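# Notes for the structure review
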There are 2 protein chains.
Amino acid sequence: MEGHEETTPGDAGHEAAHADIYGEDGVIRPAFVAHIGAAIADRDTLTLRKDVGDLHQSEVGDLLEALLPEQRRTLVDLLGADFDFSALTEVDEAIRLEIVENLPNAQIAKAVQELDSDDAVYILEDLDQADQDEILAQLPFTERIRLRRSLDYPEESAGRRMQTEFVAVPPFWTVGQTIDYMREDNNLPDRFSQVFVIDPSFKLLGAIDLDQILRAKRSVKIEDIMHETRHAIPATMDQEEAAREFEQYNLLSAAVVDENERLVGVLTIDDVVDVIQQEAEEDLLRMGGVGDEELSDTVIATSRSRVPWLLVNLATAFLSASVISLFGATIEEMVALAALMPIVASLGGNAGTQTMTVTVRALATKDLDIYNAGRVIRREVLVGLTNGAIIAIIIGVVAALWFQNHDLGIVIAAAMVINMLAAALGGILIPLLLDKLGADPAISSSIFTTMITDVIGFLAFLGLATWWMHLG
Amino acid sequence: MEGHEETTPGDAGHEAAHADIYGEDGVIRPAFVAHIGAAIADRDTLTLRKDVGDLHQSEVGDLLEALLPEQRRTLVDLLGADFDFSALTEVDEAIRLEIVENLPNAQIAKAVQELDSDDAVYILEDLDQADQDEILAQLPFTERIRLRRSLDYPEESAGRRMQTEFVAVPPFWTVGQTIDYMREDNNLPDRFSQVFVIDPSFKLLGAIDLDQILRAKRSVKIEDIMHETRHAIPATMDQEEAAREFEQYNLLSAAVVDENERLVGVLTIDDVVDVIQQEAEEDLLRMGGVGDEELSDTVIATSRSRVPWLLVNLATAFLSASVISLFGATIEEMVALAALMPIVASLGGNAGTQTMTVTVRALATKDLDIYNAGRVIRREVLVGLTNGAIIAIIIGVVAALWFQNHDLGIVIAAAMVINMLAAALGGILIPLLLDKLGADPAISSSIFTTMITDVIGFLAFLGLATWWMHLG
């Protein structure tokens, strides 16, 4: 989550470190992992402190993921207070839990105090209630209150992701006073890009970017250069919506306010980048029929997350099967139909997936709306007909030659055009409908689209064959 | 791309504007679009200046996308110098080109001078060489050189995305001198979060975050608080790789250097956020069998981008068809096989897609590497067997009851387990292999995975049926 290495001037060894530990392909070097593994086996704390202690949190995270589970635990034990807990925000949830659950709550409580509040929350939120309470009880009062407040906001809300450390000044201060305050106060956040302006009750009045402060004369009043915070984010706002605000208005940080408009924290772009990545990943996985999965999940967890989708697919597959079974007599008369059937279904399915992918993505980015829906639907239908015609000609000719049967070529070509049209309509209308009904189109569009292309494909092909060639 | 509205203090009308123009669903209000449309029809320049002139560039972008093509052109004409060209960086490429190509090059040249260099490049890079040259020829010398240099870097490189405006100071200055310089120089970039430190030949020595400057006493020397820039980005680096640096080290901005380590520009997180979005979108679209498509593309462009994928699919579908045709005699004897065939293929395809989606994503984020590949392959095989067993039992029982045939139930259940195993292996090994061969696994994994599940599925089901039930 947060990275503060930019704020430790003089730590020049880092560039070299990066080149040392990562290979050309961006993956951590086996030699480095082996070296650390050997040091862990030798319980060589000195080497570990030297070679791991100086790494960036994300590098430690990559190292942890490359080690074996026992090595991870031993490394954390050996490093003790030198282990940078923020590295835990960089690893898979399963690995984080595995490491944290192995540590005594007293040690976690101590480590958590060193972290920015958002990182602390990130680690605490996955623990069960009892452990959370025990750890929080061991923290100083103000810290406990702050973390508790963040944890009380709903999961995936701005309040959960915010940092509760920020710089706030009253509106009547001058730029000079503000700069002097920053020079003297040792309690500033490690890194910040905005100063907030508040009234005595912590009500948010405005904000100033640091470059604005640096441009202004010392005598200028804060209230004269602050801008009203147009993008204050309610703590209960969903993180995805907050991320969209950041994207639309190119924010670097934004104030987070409670229900009384009081400043409670700050959301920063680096957390938002994580959210954007996460949400894009979620859409991709959902379209592939996978839930919130991580590579480190167990077989049981993975199987449990994937089976429901397969069961729905089983139901729709039985539907296609019953369509086919209606034409048993036709197939018995001409077995070539059975061989060609899957071609019609497969191409329809792929064309439907193309349209559906574009539609789902455009809905997620709010690019598809009432202003262009009509035009996009029209375009998809025309593309479906065009591509249908191209594929139909090829498949018609090949089928006619293969089975030495003109009629079969005509039938499969016609069925292909019909199915590509169904694919285009299904691929765009199903996600639009699901979105309208408040369902996530990424989750279920794919199954319904292929259901339609399978059913229409089989129906068109076998139905046309029966009628045109007088079979069955 | 760049957003500077945070740097225009006192512009308080904005929050109200946002609430006015967007509905609850985050889509621009039809009433607002209609209002602007009417003003365009009336050529009511006053209203347009008032109601569009004050909007944020991204809001103007959304408005442009909601208008009809003729309205867009007229709006830009009517606003003239009041039209914020940076709004063009917020719309689809097709719409941008349509607007820009309608304008005289002289007007574009004038507008481009008002833009940050990265926005200017973003608009210029899509134009053809002749127009680019004509526009550049009308710019002042230094501006021309800067833009030309950015445009000379390869597409999608850091050099293309960088901003050439930055603040740079010599190492021997004090914090006080630096602050005074920023107070007096009117040529500063609109927005910045770092000050770079350079030698007389523009060679990059280090950087300082603004909060570090604000914390330091006036007498402190710049070289004493600067940190060596560990993340200087070569201008030729691919934008995706640069984005990964930003993500890994939580950077807000980074120096871009030429081949002689001289500072040529700065890459900022807001541009990187766009890159991250774009790359995630690319992966999603590729997995759905779609190229770099935009909603505003024409029917021909869309069809052309999707047909190749369908042709490959046609070839693999013929492969499955020939497998089926091997078993013509078997199917003739028991037509129920034809009805059940697609179930085996469909479930295998879906299970394969699940595994493949997870694998492709993990490869893209570098989460899947030599350290966990073995474990992940083992897990996928076990998940395939587990889910295969679950689905096999259900489908076996249903098929046996449906067709009143025990043997058919046993055959389809066994075929299902075999196919789910093939799906798991194909879903993980194909993307891994493609990645190893230097191909993009997002593009072609899907087609090969379903090819394998189709072929293995039909072969296992029809083959087992022939052998076990002595058919054919």
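Residues numbered from 1 in each chain as written. Chains lettered and ligands numbered in written order. Predicted model: local features only at pLDDT ≥ 70, side-chain atom pairs only at ≥ 80, totals over all residues. Heavy atoms only, no water.

### Brief notes about the overall build of chain A
A tally of helices and strands in chain A yields 22 helices and six strands. Relative to its length of 472 residues, chain A is extended, with a C-alpha radius of gyration of 30 Å against a globular reference of 23 Å. For chain A, the C-alpha atoms occupy an extent of roughly 95 × 60 × 45 Å along the three principal directions. A sequence separation of at least 24 residues applies to 68% of the contacts in chain A between residues at least 6 apart. If you sum the accessible surface of chain A, you get close to 18,400 Å²; carbon and sulfur atoms cover 56% of it. Between the centroid of the 33 positive side chains of chain A and the centroid of its 77 negative side chains there is a distance of 5 Å. (Helix = DSSP H or I, 4+ residues; strand = E, 2+ residues; numbered from the N terminus. Rg over C-alpha atoms; globule rule 2.2 N^0.38 Å. Contact = heavy atoms within 4.5 Å. Areas by Shrake-Rupley, 256 points an atom, 1.4 Å probe, with all protein chains shown as cover. Lys, Arg positive; Asp, Glu negative; His and termini not counted. Charge placed at Lys NZ, Arg CZ, Asp CG, Glu CD.)

### Re the sheet that holds strand S3 (residues 204–209) of chain B
Spatial strand order, S1-S2-S3 (chain B): three strands in an open sheet with mixed pairing. If you trace the sheet from one side to the other, it starts and ends with strand S1 (168–169) and S3 of chain B, each paired once. (Pairing = 2+ DSSP bridges.)

### Here we look at the packing of helix H19 (residues 336–364) of chain B against helix H22 (residues 441–468) of chain B
Residues and elements named next belong to chain B. For the pair H19 and H22, the least separation of the axes is 8 Å and the interaxial angle reads 150°. It follows from the interaxial angle that H19 and H22 lie roughly antiparallel. You can see that H19 and H22 cross each other, and the crossing is right-handed. Partitioning the contact of H19 with H22 into residue classes produces 14 nonpolar, nine polar and one charged. (Axes fitted to C-alpha atoms, helices over the stretch in contact; angles between N-to-C directions. Parallel < 35°, antiparallel > 145°, perpendicular 65-115°, else oblique. Left-handed = near helix turned anticlockwise from the far one by under 90°. Nonpolar A, V, L, I, M, F, W, Y, C, P; charged D, E, K, R; others polar.)

### Quick notes on the interface of chain A and chain B
Contact with chain A, which involves 144 residues of that partner, is made by 144 residues of chain B. Note on chain A versus chain B: buried area summed over both sides is about 12,300 Å², and carbon and sulfur give 61% of it. When residues of chain A are sorted by the area they lose upon contact with chain B, A:Leu214, A:Arg230 and A:Leu295 head the list and together hold 7% of the total. Of the charged contacts, one joins B:Arg306 and A:Glu380 as a salt bridge, the two residues approaching to 2.8 Å between their closest N and O atoms. Linking chain A to chain B there are 53 residue pairs in polar contact (both at pLDDT 80 or more). Of the residues assigned to the side of chain A that touches chain B, the class counts are 68 nonpolar, 38 polar and 38 charged. (Buried area = accessible area lost by both parts, 1.4 Å probe. Salt bridge = Lys/Arg side-chain N within 4 Å of Asp/Glu carboxyl O. Polar contact = N/O pair within 3.5 Å; in protein donor to acceptor, adjacent residues only side chain to side chain.)

### Quick look at the UniProt feature "transmembrane region" (unreviewed entry) in chain A
The sites that UniProt annotates as "transmembrane region" (unreviewed entry) are residues 310–331, 337–360, 381–403, 409–434 and 446–469 of chain A. The span residues 446–469 of chain A shows a helical share of 96% and a strand share of 0%, and its end C-alpha atoms are spaced 33 Å apart. (UniProt positions renumbered as here; feature names shortened; annotations may be inferred.)

### Side note on the UniProt feature "domain: CBS" (unreviewed entry) in chain A
All names here are of chain A. Feature annotation in UniProt places "domain: CBS" (unreviewed entry) on residues 162–225 and 226–282, given in this structure's numbering. Secondary structure across residues 162–225 divides into 31% helix and 20% strand, with the first and last C-alpha atoms of the span separated by 25 Å. Overall, residues 226–282 shows 44% helix and 23% strand. The separation of its end C-alpha atoms is 38 Å.

### With respect to the sheet that holds strand S3 (residues 204–209) of chain A
Residues and elements named next belong to chain A. The three strands lie next to each other as S1-S2-S3, forming an open sheet whose pairing is mixed. Since the sheet does not close on itself, it has two edges, and those belong to strand S1 (168–169) and S3, each with one partner. The pairing of S1 with strand S2 (residues 194–198) spans two bridges and is classified as parallel. Within S2, the residue paired with Val-169 across the bridge is Val-197.

### Points about the pairing of strand S2 (residues 194–198) of chain B
Residue and element names in this part refer to chain B. With five of five residues buried, S2 lies mostly within the body of the structure. Residues Gln-194, Phe-196 and Ile-198 line one face of S2 and the alternating positions Val-195 and Val-197 line the opposite face, and both faces are buried. In this region the chain leaves S1, passes through helix H12 (residues 175–184) and returns to the parallel neighbour S2; the handedness of that crossover is right-handed. One ladder, built from five bridges, connects S2 with S3; its direction is antiparallel. Pairing of Ile-198 across the sheet is with Leu-204, part of S3. Taken together, S2 and the strand that follows it, S3, pair antiparallel across an intervening segment of five residues, in which Phe-202 is found at a positive phi of about 70°. (Buried < 20%, exposed > 50% of the residue type's maximum accessible area, 1.4 Å probe, protein only. Right-handed = clockwise from strand over helix to strand, strands pointing away.)

### A short note on helix H9 (residues 129–137) of chain B
Residue and element names in this part refer to chain B. Along H9, the residues classified as buried are Gln-132, Ile-135 and Leu-136. Buried residues of H9 fall within an arc of 95° about the axis and therefore sit on the same side. Among the exposed residues of H9, those pointing more than 90 degrees away from its buried face are Ala-130 and Ala-137. Those residues of H9 hidden inside the fold are in contact with helix H7 (105–114), helix H8 (117–124) and helix H10 (141–152). (Arc of directions from axis to C-beta.)

### Things to note about the relation of the copies chain A and chain B
Superposing chain A onto chain B takes a rotation of 180° combined with a translation of 0.0 Å along the rotation axis, leaving an RMSD of 0.1 Å. These values place the two chain copies in the arrangement generated by a two-fold rotation axis. A share of 100% of the interface residues of chain A reappears at the interface of chain B, consistent with the copies meeting face to face through the same patch. (Least-squares fit on C-alpha atoms with pLDDT ≥ 70 in both.)

### Considerations on a negative patch on the surface
On the surface, A:Glu24, A:Asp25, B:Glu93, B:Glu155, B:Glu156, B:Asp238, B:Glu240, B:Glu241 and B:Asp292 cluster together into a negatively charged patch. As for its placement among the helices and strands, B:Glu240 is situated in helix H15 (residues 239–249). (Patch = residues over 30% accessible without salt bridge, like charges linked within 9 Å, V, L, I, M, F, W, Y side chains within 5 Å.)

### Points about the pattern of salt bridges
All names here are of chain B. Here the structure, examined in full by the defined rule, presents 35 salt bridges over all chains. Glu-125 serves as the salt-bridge partner of Arg-161, at 3.0 Å between the closest nitrogen and oxygen. With a gap of 36 residues between them, Arg-161 in helix H11 (residues 158–161) and Glu-125 in the loop between H8 and H9 connect regions that are remote in the sequence. The buried category is assigned to Arg-161, whose relative accessible area is 8%.

### So, helix H21 (residues 406–436) of chain A
Residues and elements named next belong to chain A. In this model, H21 (31 residues) spans 45 Å end to end at C-alpha, consistent with the 45 Å of a helix rising 1.5 Å per residue. Sitting at the amino-terminal end of H21 is Asn-405, which places a side-chain oxygen 3.0 Å from the backbone nitrogen of Asp-407. Two residues or fewer after H21 comes Gly-438, characterised by a positive phi angle close to 85°. (Expected span 1.5 Å × (residues − 1).)

### With respect to unusual backbone geometry
In most cases, non-glycine residues show a negative phi, while peptide bonds are predominantly trans. Positive phi, normally seen in glycine, also occurs at A:Glu261, with a value near 65°. By secondary structure assignment, the location of A:Glu261 is in the loop between strand S5 (253–257) and strand S6 (263–268). The residue B:Lys366 is not glycine, and still its phi comes out positive at about 60°. Here B:Lys366 lies in the loop between H19 and helix H20 (373–402). Owing to a relative accessible area of 32%, B:Lys366 belongs among the partly exposed residues under this scheme.

### Focus on the packing of H21(A) against helix H22 (residues 441–468) of chain A
Residue and element names in this part refer to chain A. Closest axis-to-axis distance for the H21/H22 pair is 8 Å, and the angle between their directions is 155°. One finds that H21 runs roughly antiparallel with respect to H22. In the crossing of H21 with H22, the sense of the turn from one axis to the other is right-handed. For the contact of H21 with H22, the class distribution of residues is 21 nonpolar, eight polar and two charged.

### Some remarks on a nonpolar patch on the surface
Together, A:Leu311, B:Ile390, B:Ile394, B:Val398 and B:Trp402 make up an exposed nonpolar region whose accessible area comes to about 350 Å². At four residues, H20(B) tops the list of elements feeding residues into the nonpolar patch. When you line up the elements, B:Val398 lands in helix H20. On the basis of relative accessible area, B:Val398 is assigned to the partly exposed category, the value being 32%.

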